[in-house]
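This is what each chain is made of:
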Amino acid sequence: MSVALVTGAAGGLGAAVAARLAQDRPVLLTDVDEAGVAEVAAKLAAGGATVAHTACDVRDRASVQSAFEAAGGLGLGEVDAVANVAGVGMFVPFTEVTEEQWDRTFAVNTRGTFLTCQELVRRRAGRPGAVVNIASIGARLGMEMLADYGPSKAAVIELTHVVARVGAPTGLRANTVMPGLIWTDMWRKTSEWLIANDPAHVDSTPEQLFAGFVGAMVPMGRPQTPEDIAETVAFLLSDRAANITGQTVSVDGGVVMT
Ligand SMILES: NC(=O)c1ccc[n+]([C@@H]2O[C@H](COP(=O)([O-])OP(=O)(O)OC[C@H]3O[C@@H](n4cnc5c(N)ncnc54)[C@H](O)[C@@H]3O)[C@@H](O)[C@H]2O)c1
């Protein structure tokens, strides 16, 4: 049976993607946060899912290679589908982005996605497969506070086009999902940072601040849930999407209309 590998599976979105994919197939949950991913995997296993977990730092080729190897060793089988969910991002004013911050963001979001895609393509060696890379609406909005994050995710979209072209002749598909605004650790930390650093937000709670962004940005007026995104990832990795490759799908309540 088809086996999926999920990166960033300890996070808000990654855990939901792993849970949704596990309804259809065995799943290897990976994350740099080893304790966190073990906890998510244990919950899914307790619910009857066929899952395993392993530590994986997507910035590091050897770590990515051993995660793919682990799927066989842990009894799942060969990985033929990947959901690249691992990512980092914070609001930082354009003039304050350092080289270190730029490199850190690109190392996880862009190099990490490149390394897992390359590993999948090499291992499938001319056989079918599927990958979904998680970008962000921040790739398309030119937001001043996302000067490193936005470009790192825009690069993911073009990387996905490359993988789609490389894989197309042998049925290996690659698509991007662009989530909108989801209340996870990433937005909680961003809201807390804004409250601490921007006098305009000093009287808000993190939840109120997030709701304000949703109200100002999302035409449908509501945030997205991890489950909204997971459903689209599951569709794009499945045979129901057998003729879809090289596409970018926004799941964002209408923020970016493509
Ligand atoms: N939350 C949102 O509104 C939103 C919107 C658009 C896109 N996204 C994207 O969705 C993805 C998931 O974000 P989230 O909201 O669940 O955030 P999150 O912080 O809850 O999860 C991110 C996960 O990535 C893991 N990670 C970080 N560095 C890693 C590394 N080097 N190797 C492996 N794993 C690593 C973290 O440990 C964490 O578990 C990210 O790619 C993010 O950019 C999120």
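Before going into details, it helps to say that this report is about the structure given with it. Treat the numbers as computed from the prediction; the structure is a model and nothing was measured.

Scoring rules and cut-offs
Residues numbered from 1 in each chain as written. Predicted model: local features only at pLDDT ≥ 70, side-chain atom pairs only at ≥ 80, totals over all residues. Heavy atoms only, no water. Near = heavy atom within 4 Å. Polar contact = N/O pair within 3.5 Å; in protein donor to acceptor, adjacent residues only side chain to side chain. Helix = DSSP H or I, 4+ residues; strand = E, 2+ residues; numbered from the N terminus. Pairing = 2+ DSSP bridges. Axes fitted to C-alpha atoms, helices over the stretch in contact; angles between N-to-C directions. Buried < 20%, exposed > 50% of the residue type's maximum accessible area, 1.4 Å probe, protein only. Contact = heavy atoms within 4.5 Å.

### Looking at the site of the ligand
The full set close to the ligand counts 30 residues, and Asp31, Tyr149, Lys153, Ile182 and Thr184 are the nearest of them. Here lysine 153 contributes a side-chain N or O atom positioned 2.8 Å from an oxygen atom of the ligand. Separating an oxygen atom of the ligand from a side-chain N or O atom of threonine 184 is a distance of 2.5 Å. Looking at the shell around the ligand, the elements with two or more residues in it are helix 1 (12-21), helix 5 (149-167) and helix 6 (185-197). Considering each element in turn, the shell around the ligand owes the most residues, 3 residues, to helix 6.

### Focus on the sheet that holds strand 6 (residues 172-179)
In spatial order, the strands read 3-2-1-4-5-6-7; together these 7 strands make up an open sheet with parallel pairing. Of all the strands in the sheet, just strand 3 (51-55) and strand 7 (248-251) have a single pairing partner and so form its edges. Within this sheet the neighbouring strands show an average axis-to-axis angle of 20 degrees, counted without direction. With 5 bridges connecting them, strand 1 (residues 3-7) and strand 4 (residues 79-84) associate as parallel partners. Note on strand 4: the bridge partner recorded for valine 3 is valine 79.

### What to know about the environment of valine 40
Within the fold, valine 40 resides in helix 2 (residues 34-46). Take valine 40: its relative accessible area is 16%, and that puts it in the buried class. Spatially, the C-alpha atom of valine 40 lies 9.7 Å from that of glycine 14, the residues being 26 residues apart in sequence. Not counting chain neighbours up to four residues away, the residues in contact with valine 40 comprise Ala9, Ala10, Ala15 and Leu29.

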